[in-house]
Amino acid sequence: MKTIVKTSPLAARTMRLAAFVLVSACGISTALSAGTCVGDLDKIVIGAAHKPLQDKPLSGTLASKLDEAVKSALPLAAAPGFIVGVQTPGGSWKKGYGVSNPATGAPMVPGMHTRIGSVTKTFTGTIILQLAEAGRLSLDDTISMYVEGIPEGDRITLRQLANMTSGVASYTASGPFVEMYLGQPGKVFTPEELLPFAIELSPLFEPGAQYDYSNTNTILLGMVIEKVTSEPFETVLRSGILEPLGLKDTVWPGSQTDFPAPYAEGVTFQGNDSETDPARVATHWNPASLWTAGELISSIDDLLVYARALATGRDLLGPKMQGERLRSFGGPAGYGLALRCTGAWIGHTGEVPGYTTVIYYNGLTDTTVAIQANSDMPSGNCADAEEGGETAGNGSVSCSLPAMRIFNAVAPLLSETASGKTEQ
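Predicted model only: the values in this text are computed from it and were never measured.

Undergrad: Explain the overall build of the protein to me, and be specific about the residues and the numbers.
TA: Per the secondary structure count, the protein includes 12 helices and 11 strands. Expressed as a percentage of the 424 residues in the protein, the buried residues total 60%. Considering only intrachain contacts with a sequence separation of at least 6, the fraction spanning at least 24 residues in the protein is 73%. Surface exposure of the protein reaches about 15,300 Å², of which carbon and sulfur atoms provide 52%.

Set out below in structure tokens:
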């Protein structure tokens, strides 16, 4: 892998902590209706959910094409290393690229742990839906029933928190929070300590009137989960998702900064004061400020299993509740109940200082893609991009975060063909 060099001036020090970035600069459409997005719901919820996968390698032809596509995108992506995983009805393919540790040159290989950022939101949203399915709460409950002091809290529903239409500002948009976090990346924040940063900026709009991606929404949902269950979030996460799916490499770190081995070191430009400063190692920045919006750590094998279950509901939700989730996508953002749909792909991305992650499932071809990158540095022509001017790499191509750059390279090879099948 080439050395990452910062090539454009620093923008204002805005924080994109645990942000979900899937904008037009990333190269795939986000303004699609639910029908276009998920296609035949019965096929996804009933058919693919119960179809066993082939435990064998992909054919040499498709594996070679995927490898070529990734290699062609690597020079355009600003990350030391990547792990790419693909699961199709015809088999699986997993491969590492580049280095997991720029200081030592150790290779990036499947099985390494990385932080998965806002992919965590899908776990939190799934637990909320499980509790709704069990009758322990309603998606139409207001947040004021569980957490006091939220502006317009008696009008904001749990559904609006999950689909990012609540109007509650993201605490990561607060200047004082950004300065405190970047100045003390080891600081532990509790959920209760995060809320004042958001409350000061809220409401952004009438509940339900607009879409605004806010980390606070998912923090509030985490607080609801603990209130309803009288259990720590980690306990509910384990019993509701990790154990049913057998996710042994997916870890809730809490306020601990240690990583399970093996892991990849993560690099970032966030917090730099000068455009000439080298990338910072963010591996052991404290994850507590992300909580239920972005704390989780995982591996490629777990992400592939989880992404398919997330989209189909298998071992997570019944057909009725999963159907409601898959019918929830709408508006210009294509965002639903803690889940996004774009084209035929259902999933989420994650960004946290040092790492980016993509998990997507194609409901038409029963194909899953998971990508881990040990960098959160956008590359390409990012001067006018929403995420700001802190960029690395080639400025002649569209702006993209590392994991999304690789997804856009492999997805065309895995989408539905004219004959209705993917190449195997």
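On we go from here.
Undergrad: Report on the packing of helix 3 (residues 60-73) against helix 12 (residues 402-414), specifying residues and quantitative values.
TA: Contact pair helix 3 / helix 12: the axes reach a minimum separation of 9 Å and the direction vectors enclose 150°. For the element pair helix 3 / helix 12, the angle class is roughly antiparallel. As helix 3 packs across helix 12, the resulting crossing turns out to be right-handed. Contacts from L62, K65, L66, A69, V70 and A73 in helix 3 reach R405, I406, A409, V410, L413 and L414 in helix 12. Of the residues that constitute the contact of helix 3 with helix 12, the class distribution is 10 nonpolar, no polar and two charged.

Undergrad: Go over helix 9 (residues 233-245) with me, naming the residues and quoting the values.
TA: When the terminal C-alpha atoms of helix 9 are compared, their 17 Å separation across 13 residues agrees well with the 18 Å that a helix rising 1.5 Å per residue should span. At S239, helix 9 is deflected by roughly 40°, the largest bend along its length. Residues of helix 9 that are buried include every one of F233, V236, L237, G240, I241, L242 and L245, and no others. Residues of helix 9 that are buried make contact with helix 4 (120-133), helix 8 (215-229) and helix 10 (300-312). G246 occupies a position one or two residues after helix 9 and carries a positive phi of about 65°.

Undergrad: Please provide a residue-by-residue account of the sheet that holds strand 1 (residues 81-88), values included.
TA: Here seven strands make up an open sheet; going across it, the order is 3-2-1-11-10-9-8 and the pairing antiparallel. Pairing within the sheet leaves two strands with one partner each, and these edge strands are strand 3 (106-107) and strand 8 (340-342). Of the pairings in the sheet, the one linking strand 1 to strand 11 (residues 367-373) comprises six bridges and is antiparallel in character. Within strand 11, the position partnered with V86 by the bridge is V369. Running over the sheet, helix 3 touches strand 1 and strand 2 (91-101) and is turned about 30° from strand 2. In the packing of helix 10 onto the sheet, the strands contacted are strand 1, strand 2, strand 9 (345-352), strand 10 (355-362) and strand 11, and the crossing angle to strand 11 comes to about 135°.

Undergrad: For the pairing of strand 10, give the residues involved together with the corresponding values.
TA: Here strand 10 lies mainly inside the structure; eight of its eight residues are buried. Alternating positions in strand 10 separate into two faces, Y355, T357, I359 and Y361 on one and T356, V358, Y360 and N362 on the other, with burial throughout. Pairing geometry for strand 9 and strand 10, over eight bridges, is antiparallel. Across the sheet, the residue bridging to V352 is Y355, located in strand 10.

Analysis parameters
Residues numbered from 1 in each chain as written. Predicted model: local features only at pLDDT ≥ 70, side-chain atom pairs only at ≥ 80, totals over all residues. Heavy atoms only, no water. Helix = DSSP H or I, 4+ residues; strand = E, 2+ residues; numbered from the N terminus. Buried < 20%, exposed > 50% of the residue type's maximum accessible area, 1.4 Å probe, protein only. Contact = heavy atoms within 4.5 Å. Areas by Shrake-Rupley, 256 points an atom, 1.4 Å probe, with all protein chains shown as cover. Axes fitted to C-alpha atoms, helices over the stretch in contact; angles between N-to-C directions. Parallel < 35°, antiparallel > 145°, perpendicular 65-115°, else oblique. Left-handed = near helix turned anticlockwise from the far one by under 90°. Nonpolar A, V, L, I, M, F, W, Y, C, P; charged D, E, K, R; others polar. Expected span 1.5 Å × (residues − 1). Bend = angle between axes of the 7 residues up to and from the residue. Pairing = 2+ DSSP bridges.

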